[in-house]
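Given next are the chains, with one letter for each unit.
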Amino acid sequence: MAASVLFTSLILPHLTQLTPYQAGKPLEELERELGLTDAIKLASNENPLGPSPLALAAILDTLGSLHRYPDSHAYYLKEDLARHHGLTPAQLILGNGSDEVLDLLVRALVPPGGEVLSTTHTFLMYGLLTQAVGGVFRPVPLKEMRVDLSAMAQAVTPQTRLIIVNNPNNPTGTAFKRQEWEDFLAAVPATATVVLDEAYIDFADDPQVPSCLEYLAEDRPLVGLRTFSKTYGLAGLRIGYGFGPSGLMDYLNRLRMPFNVNSLAQAGARAALHDVDFLARTRELVLEGKDLLYRELARLGLTFVPSQANFVLIRVPRSGKEVYQAMLREGVIIRAMDAYGFPDYIRVNVGLPEENRRFLEALQKVLGPDN
Ligand SMILES: *Cc1c(COP(=O)(O)O)cnc(C)c1O
């Protein structure tokens, strides 16, 4: 019997249809493949400034204690986060990336056959994690590239256990506004927990974009998610967090691995949280970078979606996969969007000014003079 057949009969049936998450291509891998040394990566919405310098210093300071287990309760980081957001430590759950907090939520709240309501064209982890617990993923279509909260509220059924929305949404970059959100919250029954993934909230410059923090209540099943991977430049460190009613956070805490957030991550995140200067520089870089991209993309005659995040979704006159491959040969890693349901789009995140220019030059070359 072939090994794969053996394991197909051993593995839980609902896991046989799982497809692996397709991460952005690592820089080193492309450089190895092409024999390049100057490739650039604008594919995973990372911070082009690098890690927060304060975080780096704190991590270096912590290296000598690596023989110790981390603080399982991340006491100081939770204190800092609680103070930063006006919460209590009991309203927080930390994870090995906010991905892990999502995983905890799905495992805690979605039984086999339970429904997870989300949207089409959004972060692929939502569907994957639902499949992993044998849940049913129900994506509600976007409307003109925007999350359609009223359609989502109408799609809730008694089987709906979790509703996951991403604001601003990856990969469209669009964001819904306070009034839409408040109408949605008022319409959703308390039998479904609402998760608002705010991975990109720090980049939003529209004051109408709501923050989940303003809507927390101990008797409301609502959880916000944030990450240190984007604005704080710590994607490789793996740390994110959720906030919500302490009664729910308590259960998630029981479910998590005791040392899910390592000691370097705890120290780095604490320092990054206070790196006000780094955050300001990051926001400014992203706003200026988007301005340049918008201007030049329009000049190239390309359609794009104005973004409240640190990336831009761009329509291309060929398949996004072809453009992705051709851009790789120019040493520029971006993302094809077929897996996200946009076969003729690419997504690029804002880089350093010279990286943005290099992306634009490569794109112009790849698409040819008349596209
Ligand atoms: C990048 C991203 C995250 C963050 O994931 P981490 O596990 O914290 O690195 C979460 N949600 C969305 C939509 C993202 O794009």
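Note that this is a predicted model, so its numbers are computed, not measured. (Residues numbered from 1 in each chain as written. Predicted model: local features only at pLDDT ≥ 70, side-chain atom pairs only at ≥ 80, totals over all residues. Heavy atoms only, no water.)

Caption draft 1: Representation of the site of the ligand within the structure. Around the ligand, a shell composed of 14 residues is seen, among which Asp 197, Tyr 200, Thr 227, Ser 229 and Lys 230 lie nearest. A distance of 2.7 Å is found between an oxygen atom of the ligand and a backbone nitrogen or oxygen belonging to Ser 98. Between the ligand and the protein, one listed contact pairs an oxygen atom with a side-chain N or O atom of Asn 170 at 2.9 Å. About the coverage of the ligand: the protein hides 94% of its 380 Å² of free accessible area. Tallied by class, residues from the shell around the ligand come to four nonpolar, six polar and four charged. (Near = heavy atom within 4 Å. Polar contact = N/O pair within 3.5 Å; in protein donor to acceptor, adjacent residues only side chain to side chain. Areas by Shrake-Rupley, 256 points an atom, 1.4 Å probe, with all protein chains shown as cover. Nonpolar A, V, L, I, M, F, W, Y, C, P; charged D, E, K, R; others polar.)

Caption draft 2: Quick peek at the packing of aromatic side chains. Applying the stated criterion across every chain yields a total of 13 aromatic pairs. Geometrically, the ring pair formed by Phe 228 and Tyr 241 is tilted, given 5.8 Å between the ring centres and 45 degrees between the ring planes. Residue Phe 228 is located in the loop between β7 (222-227) and β8 (240-243), and its partner Tyr 241 is located in strand β8; the two are separated by 13 residues in the primary sequence. Take Tyr 241: its relative accessible area is 3%, and that puts it in the buried class. Following the ring pairs from residue to residue traces out a cluster consisting of Phe 176, Trp 181, Phe 184 and Tyr 215. For Arg 347, the ring lying beneath its charged end belongs to Phe 311, and the centroid distance is 5.6 Å. Across from the ring centre of Tyr 340, 5.9 Å away, lies the NZ or CZ of Arg 347, which sits over that ring. (Phe/Tyr/Trp six-rings, centres within 6.5 Å; stacked < 30°, edge-to-face > 60°. Helix = DSSP H or I, 4+ residues; strand = E, 2+ residues; numbered from the N terminus. Buried < 20%, exposed > 50% of the residue type's maximum accessible area, 1.4 Å probe, protein only. Lys NZ or Arg CZ within 6 Å of the ring centre and 35° of its normal.)

Caption draft 3: Expanded view of the domain arrangement of the protein chain. Its domain assignment divides the protein chain into domain 1 (23-50 + 277-367) and domain 2 (53-273). On a C-alpha basis, the centroid separation for the pair domain 1 and domain 2 is 25 Å. Contacts between the two partners involve 28 residues from domain 1 and, on the opposite side, 26 residues from domain 2. Of the roughly 2,100 Å² buried where domain 1 meets domain 2, counting both sides, 65% is carbon and sulfur surface. For the pair domain 1 and domain 2, the number of links is zero salt bridges. Put simply, domain 1 and domain 2 have nine residue pairs in polar contact (both at pLDDT 80 or more) between them. For the side of domain 1 that touches domain 2, the secondary structure elements donating two or more residues are α11 (276-299), β10 (311-315) and β13 (345-349). Residue contributions to the side of domain 1 that touches domain 2 peak at eight residues, all from α11. When its residues are assigned to classes, the side of domain 1 that touches domain 2 shows 14 nonpolar, nine polar and five charged. (Domains from an automatic or database assignment. Contact = heavy atoms within 4.5 Å. Buried area = accessible area lost by both parts, 1.4 Å probe. Salt bridge = Lys/Arg side-chain N within 4 Å of Asp/Glu carboxyl O.)

Caption draft 4: Fine view of the sheet that holds β13. Here we have four strands laid out as an open sheet, ordered β9-β10-β13-β12, and antiparallel in their pairing. Two strands in the sheet have a free side with no partner beyond their single neighbour: β9 (304-305) and β12 (335-336). Sheet analysis places β10 next to β13, joined by five bridges and oriented antiparallel. Bridged to Arg 315 within β13 is Tyr 345. Helix-sheet contacts for α11 involve β9, β10 and β13, and the interaxial angle to β10 is about 10 degrees. (Pairing = 2+ DSSP bridges. Axes fitted to C-alpha atoms, helices over the stretch in contact; angles between N-to-C directions.)

Caption draft 5: Molecular detail of a nonpolar patch on the surface. A grouping of Leu 6, Phe 7 and Leu 10 is seen on the molecular surface, where their side chains present a nonpolar patch of about 300 Å² in accessible area. When you line up the elements, Leu 10 lands in helix α1 (residues 3-10). (Patch = residues over 30% accessible without salt bridge, like charges linked within 9 Å, V, L, I, M, F, W, Y side chains within 5 Å.)

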